[in-house]
Amino acid sequence: MSPNLLLLLLLLLMFFSLSITSSLSSPSPADSPPYLWPLPAEFSFGNETLSVDPAVALIVAGHGGGSPIVRAAFERYMGMIFKHASGRASLLARIRFLRMVEYDITSLKIVVHSGSEELQLGVDESYTLMVSKKDEQSIVGAVTIEANTVYGALRGLETFSQLCAFDYLTQSVQIYKAPWYIQDKPRFQYRGLLIDTSRHYLPIDVIKQIIESMSFAKLNVLHWHIVDEQSFPLETPTYPNLWKGAYSRWERYTVEDASEIVRFAKMRGINVMPEVDVPGHAESWGTGYPDLWPSLSCREPLDVTKNFTFDVISGILADMRKIFPFELFHLGGDEVNTDCWKNTTHVKEWLQGRNFTTKDAYKYFVLRAQQIAISKNWTPVNWEETFSSFGKYLDPRTVVHNWLVSDICQKAVAKGFRCIFSNQGYWYLDHLDVPWDEVYNTEPLHGINETSHQKLVIGGEVCMWGETADTSVVLQTIWPRAAAAAERMWSTREAVSKGNITLTALPRLHYFRCLLNNRGVPAAPVDNFYARRPPSGPGSCYAQ
Amino acid sequence: MIFITHKHCTKPPIQRLCLTCIYKERDFYDSLLFFATFFFPPLIFIFTIFRFTKREKMRGRGAKIAGVLPFFTLFMAGAISAFEDIERLRIWPLPAEVSHGGRRMYLSGDFKLVTEGSKYEDTTEILKEGFDRMLDVVRLSHVVSGGRNSSRSGGSALLQGLHVIISSSTDELEYGADESYKLVVPSPEKPSYAHLETKSVYGALHGLQTLSQLCHFNVKKKIIEILMTPWNITDQPRFSYRGLLIDTSRHYLPLPVIKNVIDSMTYAKLNVLHWHIVDTQSFPLEIPSYPKLWNGAYSSSQRYTFDDAAEIVKYAERRGIHVLAEIDVPGHALSWGKGYPSLWPSKNCQEPLDVSSNFTFKVIDGILSDFSKIFKFKFVHLGGDEVNTTCWSATPRIAQWLKKHQMSEEEAYQYFVLRAQKIALSHGYEIINWEETFNNFGSKLNPKTVVHNWLGTGVVERVTASGLRCIVSNQDKWYLDHIDAPWQGFYDNEPLQAIKDKKQQSLVLGGEVCMWGEHIDASDIEQTIWPRAAAAAERLWTPYAKLATNPDKVTTRLAHFRCLLNQRGVAAAPLVGGGRVVPLEPGSCLAQ
């Protein structure tokens, strides 16, 4: 207890003394900005340059410090920070020949208070990061990351890695503008990216590249739109014919593959939210089970009349429950064209027998699917059409996922529902004509003023629909624009809303895009009006 | 069934359709067809028609298929031709000689590398690492299970490992050395080990690449299988120089990006990375002898240390890839003067390098001396293209020097190139120069010069007729930055076109596809290179007689290779269209 108090006191002291000397939290354009993305909630820095030992030692403390998630992340980040040849290994050898090289930073201390590794919506991602020169009087280690959970520690490590820069003259890794004191936490608990493996199959390796890149921008939910009308790539043991709807034998995920993706994501503090989009986007289901189609010539939406349809949904959800531990499950429910129901004799008769309009049947379908999800201990997420069509019947636990109408979150939270913001005009990444600044300036809480309502907006999501995005272009369509949304969702509203973003954000985004490139992520140039276009001519990464 | 689509699909739009239906195979038909292929050809025919008709009807195109039925019948009257059989193999580039059977084998969960009887000791673990990489790409990040359980995966059909026998003990990567290999995968009656025999470890790496393409992840059994065993493959490259140029001056390419490019080259058996390091725009590499040169980098962080370059060379060499370093003098060197302004004719006329100053050649000497410590390839590229000499005459100091030495601008250009050649030779290098040097003063070039074609046609004939060696990169077909150039042109481009004389043919070392960097950075390099570079790679590897005369015949196999690259995390673009096209609509990777 007492060392903790002491630490806190010291921190406070440091913070105050520093914030007097250097004016902080939002950098004035005159200063060169701190090249951090997304911008931390609170930070202060000084004017020293510190060198980092390539053999920097990891020291862990707290109940969660010993977690393998922390250890693995440390190793990952060391690989990224010391990626130049004269970095980690060879310098060590060099030291033996030259005199002992004194580094300012020789250890990295990670304190994690909670021993729980459970990753759920709203998990504490806050952290503090301190970087200061080691000196005799200081009981504080050179670099300390303190967090309540391992996932907070991961965010802190990412920030730390962004402070480190390879200096080409000394050929060592340096931290500029030390000492640093950063206290950070996300503004929204849900910061998502959608990928679509139905329109184009994405190989496992590519999904992992996407997940890894998300962690660099502190995004924390991978919304996996697994299935749609075009293909059904996932194995579902309960209904083994479903993945016959895959494009080919090679374009499939086994249950183990999906579990591996979830594990890989969890190691990076990212939840995976699966989606089965019913009843409208499900034609491919019928390749394995044609009974799910209203008829052979009219195949969508799923046949609402049959218990078999709901048995299959229940089977899929039961199989998926074993793979996906996240509490949210996306049931789709968008763009349901019910003509096939009207035009298929047996469905029409069923509607008449129940005195249902097609809209009633749509409602019936969605609500029944919701109950199946809830029975499997899932919280349903549905696209906004379900809310706009029959909002008052939705289960009160439903999270409404906006995409179509700009004020739908406003309406949904007024009715007490939670909401995820994905306004297609700005946050659909497949819309190539939305430049980064429009993505950046889109505010999920726009028009929502009551605090109690604001709290119901759990976050937002950028959507990488897959019609024209396959392995060859998916990453450069996502980045760097997804990063613009990521800062909007992570940083404080004040920090991202005031000032001239050409000065406060653009230089940092240039820098972050080059950081992605340096880490092997093919993020496209920032300055192009259209997304994923090649650079307009020769030039520096930082100027494009 | 594949060959039917080939005949059927002559026009691109229909072809796409066909690919879709072929790859939308259902497993039941798959297995039937598989056995039928080898035991009862008429049966395939019936099943194929049945399947085809069924799918087409689903799409409401029954009438169309009925129309072409007589055509199928005619075609089926002939036996399966050798060509179509090869196209079914899904190996890229196609090996020199292949035979196979029709049985299925599985890889054991602990598939081992055995090297008993090999003269090569692998102390540097080039082979072992290559073997591990092979297993990685075969697994394609899938979770592989069940392989250990031999009863579940078919008992006797289980392959325990790969036995590699290498007869040369050296691991020196030597240009022109034997890259051949012989790969045997047994049938289930004689199981246990696959065999790979080679002269050098680098031939073994090629064999491992081929083996990786024979392996498939079986999504149902969740193990790795090899179909159509037994396999007997004897293979060697047609050309010893199979290159890809990257350009780190127009845009800096981060280290992981270069490494990814190198890895992807190995999949297509390319063996020379031509590193166009420096140009007008930036000078990213550290040169210890002249430490201000990299002041010409775009920024302090868009640089390669000397150790970085050594690491790239090592990384490439361990994969059997030579790194050809280029400094493009005197025409493409403006960025040198950022650190040493005296290399410019003058402040306002900065290119080409000052021909009149000894310092210029001292710097070249320093660079090449430093190069010789890390770039171990026997060649160095000295550029020499696109030299606009007006700055020389326009600068009084140089104009006087020209006058004093009674040199025209053209003669000064020749003087510069030849003097640079001598410096390179003094550091033990043989020289490669762009073709303008040959076009302007070919008879004066050092006989060790390799002329690098890019501009015109007819150059290769003239160069080889004069007794010099040549590398082919004609820009109309093999420049990857020409994004309107389709893969068919890359496939079709024959380096020995119109060269009949055997002696002259032997002077063509090979070819190179060029990824110039004006519009290429870390975000789009892979999809601009692939899959078109692969089309050229087959041209450079596979025996002439086995190459398709009509590139469209190899579409299916190339589409498969493109998807293989995707599965391995390489962002290879769709085939339909020119370079770096994006998919136009949803669909299978194999159909786009």
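Residues numbered from 1 in each chain as written. Chains lettered and ligands numbered in written order. Predicted model: local features only at pLDDT ≥ 70, side-chain atom pairs only at ≥ 80, totals over all residues. Heavy atoms only, no water.

Under an unreviewed UniProt entry, the name given to chain B is Beta-hexosaminidase, and the source organism is Camelina sativa. Quoted verbatim from the Catalytic activity (unreviewed entry) heading of the UniProt record, the comment on chain B is "Hydrolysis of terminal non-reducing N-acetyl-D-hexosamine residues in N-acetyl-beta-D-hexosaminides." (UniProt positions renumbered as here; feature names shortened; annotations may be inferred.)

Under an unreviewed UniProt entry, the name given to chain A is Beta-hexosaminidase, and the source organism is Camelina sativa. UniProt, in its Catalytic activity (unreviewed entry) section for chain A, records the words "Hydrolysis of terminal non-reducing N-acetyl-D-hexosamine residues in N-acetyl-beta-D-hexosaminides." UniProt lists a comment for chain A under the heading Sequence similarities (unreviewed entry), and it reads "Belongs to the glycosyl hydrolase 20 family."

A. Spatial organisation of the overall build of chain B. Counting secondary structure elements, chain B contains 22 helices and 14 strands. Looking at the 592 residues of chain B, the share that counts as buried comes to 63%. When the accessible surface of chain B is split by element, carbon and sulfur atoms take 54% of a total near 21400 Å². (Helix = DSSP H or I, 4+ residues; strand = E, 2+ residues; numbered from the N terminus. Buried < 20%, exposed > 50% of the residue type's maximum accessible area, 1.4 Å probe, protein only. Areas by Shrake-Rupley, 256 points an atom, 1.4 Å probe, with all protein chains shown as cover.)

B. How the structure looks around the UniProt feature "domain: Glycoside hydrolase family 20 catalytic" (unreviewed entry) in chain B. UniProt marks residues 239-543 of chain B with the feature "domain: Glycoside hydrolase family 20 catalytic" (unreviewed entry), using the numbering shown here. Counting secondary structure, residues 239-543 of chain B comes out at 39% helix and 13% strand; the distance between its end C-alpha atoms is 9 Å.

C. How the structure looks around the nonpolar core. By size, the foremost hydrophobic cluster in this structure holds 314 residues, and its most contacted members are Phe160(A), Ile210(A), Trp285(A), Trp479(A), Trp336(B), Phe371(B) and Phe375(B). Counting residues per element, this core draws most heavily on helix H11 (residues 358-375) of chain A, at nine residues. Once residues lying within four places of it in the same chain are set aside, the contact partners of Phe375(B) are Trp275(B), Ile277(B), Ala309(B), Val313(B), Val323(B), Ala325(B) and Tyr429(B). (Core = buried A, V, L, I, M, F, W, Y, C linked by side-chain atoms within 4.5 Å. Contact = heavy atoms within 4.5 Å.)

D. Fine view of the packing of aromatic side chains. Residue and element names in this part refer to chain B. This model, assessed by the stated rule, comprises 52 aromatic pairs over all chains. Ring geometry for Trp 92 versus Phe 561: centroids 6.4 Å apart, planes at 25°, classification stacked. Here Phe 561 lies in helix H22 (residues 555-567) and Trp 92 lies in the loop between helix H6 (82-87) and strand E1 (97-114), a separation of 469 residues in the sequence. Taking relative accessible area as the criterion, Trp 92 reaches 0% and is therefore assigned buried. Its relative accessible area of 1% is what places Phe 561 among the buried residues. With centroids separated by 6.0 Å and ring planes inclined at 55°, the aromatic side chains of Tyr 479 and Trp 516 adopt a geometry described as tilted. Pair noted here: Tyr 479 is in the loop between helix H17 (475-478) and helix H18 (487-492) and Trp 516 is in the loop between strand E14 (508-515) and helix H20 (525-529), with a separation of 37 residues, a long-range link. (Phe/Tyr/Trp six-rings, centres within 6.5 Å; stacked < 30°, edge-to-face > 60°.)

E. Structural context of the interface of chain B and chain A. Across the boundary between the two partners, chain B contributes 68 residues, which contact 64 residues of chain A. Regarding the contact of chain B and chain A, the summed buried area is about 5000 Å², with carbon and sulfur atoms giving 53% of it. Together, Val219(B), Gln567(B) and Pro586(B) form the three largest contributors to the area buried by chain B at its contact with chain A, with a combined 10%. Across the chain B-chain A interface, the total number found is four salt bridges. Between Asp470(A) and Arg562(B) there is a salt bridge, with the nearest N and O atoms lying 2.6 Å from each other. In this structure, the connection of chain B to chain A is made through 29 residue pairs in polar contact (both at pLDDT 80 or more). Sorting elements by how many residues they give to the side of chain B that touches chain A places H22(B) first, with four residues. (Buried area = accessible area lost by both parts, 1.4 Å probe. Salt bridge = Lys/Arg side-chain N within 4 Å of Asp/Glu carboxyl O. Polar contact = N/O pair within 3.5 Å; in protein donor to acceptor, adjacent residues only side chain to side chain.)

F. Fine view of the environment of Asn517(A). When you line up the elements, Asn517(A) lands in helix H21 (residues 506-518). It is 8.8 Å that separates the C-alpha atoms of Asn517(A) and Cys541(A), two residues lying 24 residues apart in sequence. Not counting chain neighbours up to four residues away, the residues in contact with Asn517(A) comprise Pro522(A), Ala523(A), Cys541(A), Pro254(B), Val257(B) and Ala522(B). Side-chain polar atoms of Asn517(A) contact the backbone oxygen of Ala523(A), separated by 3.2 Å.

G. Structural view of the packing of helix H5 (residues 204-216) of chain A against helix H6 (residues 255-266) of chain A. Residues and elements named next belong to chain A. Between H5 and H6, the least distance of the axes is 10 Å, while the angle of their chain directions is 20°. One element, H5, and the other, H6, form an angle in the roughly parallel class. For the pair H5 and H6, the crossing hand works out as right-handed. Residues Ile 204, Ile 207, Lys 208, Ile 211 and Glu 212 of H5 touch H6, and the partners they reach there are Asp 257, Glu 260, Ile 261, Phe 264 and Ala 265. The residue makeup of the contact of H5 with H6, split by class, is six nonpolar, no polar and four charged. (Axes fitted to C-alpha atoms, helices over the stretch in contact; angles between N-to-C directions. Parallel < 35°, antiparallel > 145°, perpendicular 65-115°, else oblique. Left-handed = near helix turned anticlockwise from the far one by under 90°. Nonpolar A, V, L, I, M, F, W, Y, C, P; charged D, E, K, R; others polar.)

H. Quick look at the packing of helix H2 (residues 68-81) of chain A against helix H4 (residues 150-163) of chain A. Residue and element names in this part refer to chain A. Across the interface, H2 lies against H4 with an axial gap of 10 Å and an inter-helix angle of 10°. One way to sum up the angle between H2 and H4 is to call them roughly parallel. Residues Ile 69, Val 70, Ala 73, Phe 74, Arg 76, Tyr 77, Met 78 and Ile 81 of H2 lie in contact with H4, whose contacting residues are Val 150, Tyr 151, Leu 154, Leu 157, Glu 158, Phe 160 and Ser 161. A per-class count over the contact of H2 with H4 returns 12 nonpolar, one polar and two charged.

I. Seen up close, the sheet that holds strand E8 (residues 180-184) of chain A. All names here are of chain A. In space, the eight strands of this open sheet follow the order E1-E8-E4-E5-E3-E2-E7-E6, with mixed pairing throughout. The open sheet has two free edges, formed respectively by strand E1 (42-44) and strand E6 (164-167), since each of these has just one partner strand. Across the sheet, the mean angle from the axis of one strand to that of its neighbour is 30°, orientation sign disregarded. Helix-sheet contacts for H2 involve strand E2 (48-61), strand E3 (105-112), E6 and strand E7 (172-178), and the interaxial angle to E2 is about 155°. (Pairing = 2+ DSSP bridges.)

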